Amino acid sequence: MQKLVIEGGKRLRGEVVLQGSKNSSLPIMAGAILTGGECVLENCPILTDIYSASRILNNLGCRCSFSGNTAVIDSSGANCCEIPEKLMREMRSSIMFMGAMLGRMGECTVSIPGGCELGSRPIDMHLSAMKKMGADIREENGRIICKMTSGKPRGAKISLPFPSVGATENIILCAVLAEGETVINNSAREPEIEDLCRFLQKCGAEIKGAGESRIVIRGREKLHGCEYRIMPDRIACATYLSMAVSAGGEIILKNCCIPETEPFLSVLEQTGCSLYAKNDNIYLRSSLRPKAVRDRIRTMPHPGFPTDAQAVLMAVLACADGTSVFEENIFDCRYRHADELVKMGADIQVMGKIAVVKGVERLHGANVEATDLRGGASLVCGALSAEGTTVIEGLNHIDRGYEKIERAVGLLGGNIKRV
Ligand code: EPZ
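Q: Please clarify how the packing of helix α10 (residues 310-317) against helix α12 (residues 373-385) should be interpreted in this entry.
A: Working note: a packed helix pair is described by the angle between its axes plus the distance between those axes. It is at 7 Å that the axes of α10 and α12 come closest, and there the two elements cross at 25 degrees. Between α10 and α12, the angle falls in the class roughly parallel. Note on packing geometry: the crossing formed by α10 with α12 is right-handed. Mapping the contact onto sequence places Ala 311, Val 312, Ala 315 and Val 316 in α10 and Arg 374, Gly 375, Ala 377, Ser 378, Cys 381 and Gly 382 in α12. In terms of residue class, the contact of α10 with α12 is made up of 6 nonpolar, 3 polar and 1 charged.

Q: I keep staring at the pattern of salt bridges and nothing clicks. Help me out?
A: Pairs can form between side chains of opposite charge once their charged atoms are near each other. Across all of its chains, the model carries 25 salt bridges by this definition. One salt bridge connects Arg 55 with Glu 90, and the closest N-O pair in it is separated by 2.8 Å. Residue Arg 55 is found in helix α2 (residues 48-59), and its partner Glu 90 is found in the loop between α3 (85-88) and α4 (96-105); the two are separated by 35 residues along the sequence. A relative accessible area of 40% places Arg 55 in the partly exposed class. Across the pair Asp 321 and Arg 289 runs a salt bridge whose closest N-O atoms are separated by 4.0 Å. Residue Asp 321 is found in the loop between α10 and β18 (323-327), and its partner Arg 289 is found in the loop between β16 (281-286) and β17 (297-298); the two are separated by 32 residues along the sequence. Assessed through its relative accessible area of 31%, Arg 289 is described here as partly exposed. Through salt bridges with shared partners, a single network forms among Lys 22, Asp 49 and Arg 400.

Q: Looking at this model, I keep getting lost on the site of the ligand. Mind explaining?
A: Not every one of the 23 residues close to the ligand is listed here, only the nearest: Asp 124, Ser 164, Asp 308, Ile 330 and Arg 374. One nitrogen or oxygen atom from the main chain of Pro 122 is found 3.3 Å from an oxygen atom belonging to the ligand. At 2.8 Å, a backbone N or O of Val 165 approaches an oxygen atom of the ligand. Across the complex, the protein chains shield 90% of the 820 Å² of accessible surface that the ligand would expose by itself. Contributions of two or more residues to the shell around the ligand are made by α1 (22-31), α5 (124-132), α6 (165-175) and α12. When residues of the shell around the ligand are assigned to their parent elements, the largest contribution, 3 residues, is made by α5. Both domain 1 (4-19 + 232-418) and domain 2 (22-229) contribute no fewer than three residues apiece to the shell around the ligand.

Q: Teacher, can you tell me more about helix α8 (residues 234-247) here?
A: One turn of an α-helix holds 3.6 residues; hence residues three or four places apart share an orientation. End to end, α8 covers 20 Å across 14 residues, agreeing with the expected 20 Å (1.5 Å per residue, within 8%). Most of α8 is tucked away: 14 of the 14 residues are buried. Where α8 begins, the capping side chain belongs to Asp 233, and its oxygen is found 2.9 Å from the backbone nitrogen of Ile 235. Looking at the residues trailing α8, positive phi occurs at Gly 248, about 80 degrees.

Q: How do you make sense of the sheet that holds strand β3 (residues 38-42) when you look at a structure like this?
A: Adjacent strands of a sheet pair through backbone hydrogen bonds, lying either parallel or antiparallel. The sheet built from 4 strands is open, its strands ordered β4-β5-β3-β13 with mixed pairing. The two strands at the open ends of the sheet, each matched to only one other strand, are β4 (63-67) and β13 (227-229). Here the strands of the sheet are splayed against their neighbours by 15 degrees on average, with no regard to which way each runs. As paired strands, β3 and β13 are joined by 3 bridges and run parallel to one another.

Q: Help me out: how do you make sense of the sheet that holds strand β6 (residues 107-111) in this one?
A: Within the open sheet, the 3 strands sit side by side as β6-β8-β7. Their pairing is antiparallel. Either end of the sheet is taken by a strand with one partner, and the two such strands are β6 and β7 (135-140). Strand-to-strand twist in this sheet, taken as the mean axis angle between neighbours without regard to direction, amounts to 20 degrees. Direction of pairing for β6 relative to strand β8 (residues 143-148): antiparallel, over a ladder of 5 bridges. The residue of β8 that forms the bridge with Glu 107 is Lys 147. Contacts from α4 reach β6 and β8, with the element oriented near 160 degrees to β6. Contacts from α5 reach β7 and β8, with the element oriented near 135 degrees to β7.

Q: Even after reading the chapter, I still don't get helix α11 (residues 336-343), so can you show me in this structure?
A: Inspection of α11 places His 337, Ala 338, Glu 340 and Leu 341 among the buried residues, and these make up the whole buried set. Down the axis of α11, the sector holding all buried residues measures 165 degrees, keeping them to one side. Once α11 finishes, Gly 345 follows within two positions and takes phi at roughly 100 degrees, a positive value.

Q: Hey, could you run me through the pairing of strand β14 (residues 249-254) in this one?
A: When a strand is regular, its side chains alternate between the sheet's two faces. Covered by surrounding structure in β14 are Gly 249, Ile 251 and Leu 253 only, the residues Glu 250, Ile 252 and Lys 254 on the alternate face being uncovered. Relative to β14, strand β2 (residues 12-17) is paired through 6 bridges, and the arrangement is parallel. In the strand pairing of β14, Glu 15 is matched with Ile 252. Bridge analysis of β14 against β16 gives 5 bridges, and the strand direction is antiparallel. Directly across from Ile 252, in β16, lies its bridge partner Tyr 283.

Each value, and the rule that gives it
Sequence positions are assigned chain by chain, starting from 1 and proceeding in written order. The predicted origin of the model limits local features to residues at a pLDDT of at least 70 and limits the giving and counting of side-chain atom pairs to 80 or more, whereas totals for whole chains, interfaces and linings rest on all residues. Heavy atoms from the whole structure form the basis of all side-chain values; hydrogens and water molecules are not counted. A fitted line through C-alpha atoms represents every axis, and for helices the fit uses only the stretch in contact; the resulting angles, taken between N-to-C directions, go from 0 to 180 degrees. Helix and strand assignments come from DSSP, with helices taken as H or I runs of at least 4 residues and strands as E runs of at least 2, each series counted from the N terminus. Any angle between 65 and 115 degrees counts as roughly perpendicular, while under 35 counts as roughly parallel, over 145 as roughly antiparallel, and the rest as oblique. Each crossing is labelled by how the near helix is turned from the far one, with a counterclockwise turn of less than a right angle marking it left-handed and a clockwise turn marking it right-handed. Note on contacts: a residue pair qualifies if any of its non-hydrogen atoms lie within 4.5 Å across the two residues. Each residue receives one of three labels: charged for Asp, Glu, Lys and Arg, nonpolar for Ala, Val, Leu, Ile, Met, Phe, Trp, Tyr, Cys and Pro, and polar for the others, Gly being one of them. Should a side-chain nitrogen of Lys or Arg be within 4 Å of a carboxyl oxygen of Asp or Glu, the pair is scored as a salt bridge. Classification of residues uses two cut-offs on accessible area relative to the type maximum, computed with a 1.4 Å probe and protein chains only: under 20% is buried, over 50% is exposed, and between them is partly exposed. Think of it this way: one heavy atom of a residue within 4 Å of a molecule or strand is enough to make that residue near it. Pairs of N or O atoms are called polar contacts if they sit within 3.5 Å, as long as, within protein, a hydrogen donor faces a hydrogen acceptor (for residues adjacent in sequence, only side-chain-to-side-chain pairs). Throughout, the Shrake-Rupley method with a 1.4 Å probe supplies accessible areas, and for residues the shown protein chains are the sole cover considered. Where each domain begins and ends is defined by an automated method or by a domain database. To estimate the expected span of a helix, subtract one from its residue number and multiply by 1.5 Å. Whether two strands pair comes down to DSSP finding at least two bridges between them. The arc in question is the one traced by the directions running from the helix axis out to the C-beta atoms.

See the structure below:
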């Protein structure tokens, strides 16, 4: 089992080019199935989740290969519409292939997806939307067997009870080749959904309202392949900025998506760091101990404060001057990193969806374990500011979302090695 060993207490200084977005790449890779042609995806991060998606594509009869950060997907040979349970369990986004397979083949067999354990993560909204678009869905021995009764999806009016990112993406994927018009009310507005829509539009899809809470899709007979550049990863951006505020220092992040990261940046600025953005670069300087954030930090669907950045900001505020309060509104179990930060000397009380973080003067090194992706990143963040050595296990979680994290942190001046 690999571990990260981090010597903390060193100010960061350096620059790094941000990776492409994991949460954009995954639905876009699923979307490549719909084209029946060749898609060239640039700026695709090299991550275990991306490899899981490529295994699914290969299993379905597509050809998926990588050259550096460029993925080439040829879906002309797609001939299978079943994803084995083992592949479904590797990540949450495996469910995204359901909409794409129903769009292309009119049927699919999947199972409950895996992914980070953040509490119950049902797929009821996905299933009820697919039913509205004409799918007959039954469960048999843990397998979910879906078949479009008329052979292909038909447009429908779907109102989501909550703006679920995954359900919105799945409906879009299913609708672009559907018969007629699909309207999604209360759709999620995350930037990664806009990225998926831009990709599909480049493949010939007709989509209006991406990034808004009402999306209208007019189904097309056929799509075609394209070349597309994946957007930068706004959560990796939040993570590396948090590290620099936590440890102190001066860093430059290149290739950021600044407007999309704004809901995080506006809260991070309240810790007293100075942020300057020019072109696609963010310059951050943080010299003093961070200040606590006065207003409650409420995680909300975009453009609210992102739940994916809650853990890394908590590591920053664990040694801030004063008390900060988090309210986690998206997932019911997304504070598992708090116990590990406590092992490093943090003072954090969790009560249901609330976490009260009383800033301590300094964290100290400890042996800790990542239990989910962003929680793992928060431990790296805490370790960089801590006095002494921290050993982090559970790297399989971190490797799902951060491309060569030890290289990026090293370029920023952190003392980190993978052993
Ligand atoms: C996406 O997950 C992201 N994953 C998550 O990022 C992110 O935390 C989340 O959106 C919220 O922004 C990917 O894009 C691959 P949701 P998703 O459907 O689509 C409930 C990371 O760290 N819900 O918006 O699974 C659900 O349980 C990951 O990169 C239902 O009840 O999120 C949750 O409480 C972790 N029924 C809430 O909605 C459903 O059918 C939001 O989930 C679907 C969702």
